[in-house]
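A structural walkthrough
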Amino acid sequence: MSSKIRVSVLALAAALFLGAIPAQAAKLGPYFPLPKSFPLSGPGKQALLKIQADWLQNGLENLRKAENETTAALEKAKADNAKPEDVAKLEEKLKTLDTDIKATEEEIAIENNDTGPKEEQAERKRLFMLNVNQWINELGRLATEQLKIAILKDGMEAQVAENQHARLSEQADAIERAKNDTTVVNWAISR
């Protein structure tokens, strides 16, 4: 059995033993926008973990803010005798936000656990890699969009898009290099 499969089986077994399913990484979106900057000084693992910690905390704050706004909208809708389907949509959104908040709090707890055994560190690294990879993919997508604009436009607009393409591509490359740093590669291999 390959080491990747063995780690996956162990992580799943640990999750089943603890009575939980493996946590899912936070997803880029309205509550978890792409980080505005990627300060990558020092070892790759520490730099990326710091970015991830800030990103998760900001996302959690965005979720809580949305939860408060949705709760207020739901109370107002009930007080105004809104249509049942409108109330149901707000109640469903509130349930989804509550689930997302709990999942994010769980991911933050996993992300902060740097002293656990090898299996826990493997799960921590799995979530970390999912987050880092989605940042790289999004930067690549944005860079491609800018390249298309640079090709289709001319003059100053093309130059700005070309510069944006170069900046986004450089960020994606820098994150990829940090992700492949030995501090990340060797993480959770042995403990």
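This structure is a prediction, so every number in the text was calculated from the model and none was measured. (Residues numbered from 1 in each chain as written. Predicted model: local features only at pLDDT ≥ 70, side-chain atom pairs only at ≥ 80, totals over all residues. Heavy atoms only, no water.)

Overview of the overall build of the protein chain
Counted only if it meets this: By the criteria applied, helices consist of DSSP H or I runs no shorter than four residues and strands consist of E runs no shorter than two, each listed in order from the N terminus. Type-normalised accessible area, obtained with a 1.4 Å probe on protein chains alone, sets the label of each residue: buried when under 20%, exposed when over 50%, and partly exposed for intermediate values. Residue contacts are counted whenever heavy atoms from the two residues lie within 4.5 Å of one another. The protein chains shown are the only cover counted for residues, whose accessible areas, like all others here, come from Shrake-Rupley with a 1.4 Å probe.
A count of helices and strands for the protein chain gives six helices and zero strands. Each helix (α) and strand (β) of the protein chain, taken in turn from the N terminus, gives the series α-α-α-α-α-α. Within the protein chain, buried positions represent 34% of all 191 residues. Considering only contacts within the protein chain whose residues lie at least 6 apart along the sequence, 73% involve residues at least 24 apart. Surface accessibility of the protein chain: about 11,900 Å² in total, with carbon and sulfur atoms responsible for 57%.

Some points on the packing of aromatic side chains
Rule in force here: The criterion for an aromatic pair is that two Phe, Tyr or Trp rings (for Trp, the six-membered ring) have centres within 6.5 Å, with stacked assigned to planes under 30 degrees apart, edge-to-face to planes over 60 apart and tilted to the rest.
According to the stated counting rule, one finds four aromatic pairs in the structure shown. Measuring from ring centre to ring centre gives 5.8 Å for phenylalanine 38 and tryptophan 135, while their planes differ by 55°; the resulting arrangement is tilted. Within this pair, whereas phenylalanine 38 is found in the loop between helix H1 (3-17) and helix H2 (44-79), its partner tryptophan 135 is found in helix H4 (residues 118-152), the two being separated by 97 residues in sequence. Residues phenylalanine 38 and tryptophan 135 agree in their burial class; the two are buried.

Some words on the packing of H4 against helix H5 (residues 155-179)
To keep it simple, the criterion reads: For helices, the axis comes from a line fit to the C-alpha atoms of the stretch in contact; other axes are also lines fit to C-alpha atoms, and the angle between any two N-to-C directions lies between 0 and 180 degrees. These descriptions rest on fixed angle ranges, namely under 35 degrees for roughly parallel, over 145 for roughly antiparallel, 65 to 115 for roughly perpendicular, and the rest for oblique. Working rule for handedness: look at the near helix, and if it is turned counterclockwise from the far one by less than a right angle, call the crossing left-handed; if clockwise, right-handed. Under the scheme applied here, ten amino acids are nonpolar (Ala, Val, Leu, Ile, Met, Phe, Trp, Tyr, Cys and Pro), four are charged (Asp, Glu, Lys and Arg), and all others, including Gly, are polar.
Interaxial distance between H4 and H5 falls to 8 Å at its minimum, and their mutual angle equals 160°. One element, H4, and the other, H5, form an angle in the roughly antiparallel class. For H4 against H5, the interelement crossing comes out left-handed. Touching Met129, Val132, Asn133, Ile136, Leu139, Leu142, Ala143, Thr144, Gln146, Leu147, Ile149 and Ala150 of H4 are Ala158, Ala161, Glu162, Gln164, His165, Leu168, Ser169, Gln171, Ala172, Ile175, Glu176 and Lys179, all from H5. Taken together, the residues of the contact of H4 with H5 break down into 14 nonpolar, seven polar and three charged.

Looking at the pattern of salt bridges
Any two side chains of opposite charge can pair if their charged atoms end up close together. Worth spelling out the cut-off: Definition used for salt bridges: Asp or Glu carboxyl oxygen within 4 Å of a side-chain nitrogen of Lys or Arg.
As enumerated under the stated definition, the model contains nine salt bridges in all. Linked by salt bridges that have partners in common, Glu138, Arg141 and Glu145 make up one network.

Regarding helix H3 (residues 84-112)
The condition is simple: An expected span of 1.5 Å times one less than the residue number is assigned to each helix.
For H3, which comprises 29 residues, the first-to-last C-alpha distance of 42 Å matches the rise-based estimate of 42 Å (1.5 Å per residue) to within 8%. For H3, the full list of buried residues reads Val87, Leu90, Leu94, Leu97, Ile101, Thr104, Glu107, Ile108, Ile110 and Glu111. Where H3 is buried, its residues meet H2 and H4.

Let's talk about the nonpolar core
Put simply, the test is: Here, nonpolar core means buried Ala, Val, Leu, Ile, Met, Phe, Trp, Tyr and Cys residues that are tied together by side-chain atoms lying within 4.5 Å of each other.
Counting 29 residues, the largest nonpolar core has Phe38, Leu48, Phe128, Val132, Trp135, Leu139 and Ile175 as the members making the most contacts within it. Mapped by element, the contributors of at least two residues to this core are H2, H3, H4 and H5. Ranked by the residues each element gives to this core, the list is headed by H2, at eight residues. Counting residues in each nonpolar core, the second largest holds five residues, with Leu74, Ala77, Leu90 and Leu94 among its members.

Let's talk about the side chain of glutamate 111
Basically, it comes down to this: Charge convention: Lys and Arg are scored as positive, Asp and Glu as negative, and His as well as the terminal groups of each chain are ignored.
Mapping glutamate 111 onto the fold places it in helix H3. Look at glutamate 111: it is buried, it has no salt bridge, and the nearest opposite charge is arginine 124 at 5.1 Å. Contact partners of glutamate 111, with chain neighbours within four places excluded, come to Leu49, Gln52, Ala53, Leu56 and Arg124.

With respect to the packing of H3 against H4
When two helices pack together, their arrangement is captured by the angle between the axes and the distance separating the axes. Running from N to C, H3 and H4 cross one another at 115°; their axes reach a closest spacing of 9 Å. Judged by the twist between their axes, the crossing of H3 over H4 is left-handed. Of H4, the residues touching H3 (which contributes Glu107, Ile110 and Glu111) are Glu123, Arg124, Leu127 and Asn131. The residue makeup of the contact of H3 with H4, split by class, is two nonpolar, one polar and four charged.

Quick look at unusual backbone geometry
The residue asparagine 81 is not glycine, and still its phi comes out positive at about 55°. Assignment of secondary structure puts asparagine 81 in the loop between H2 and H3.

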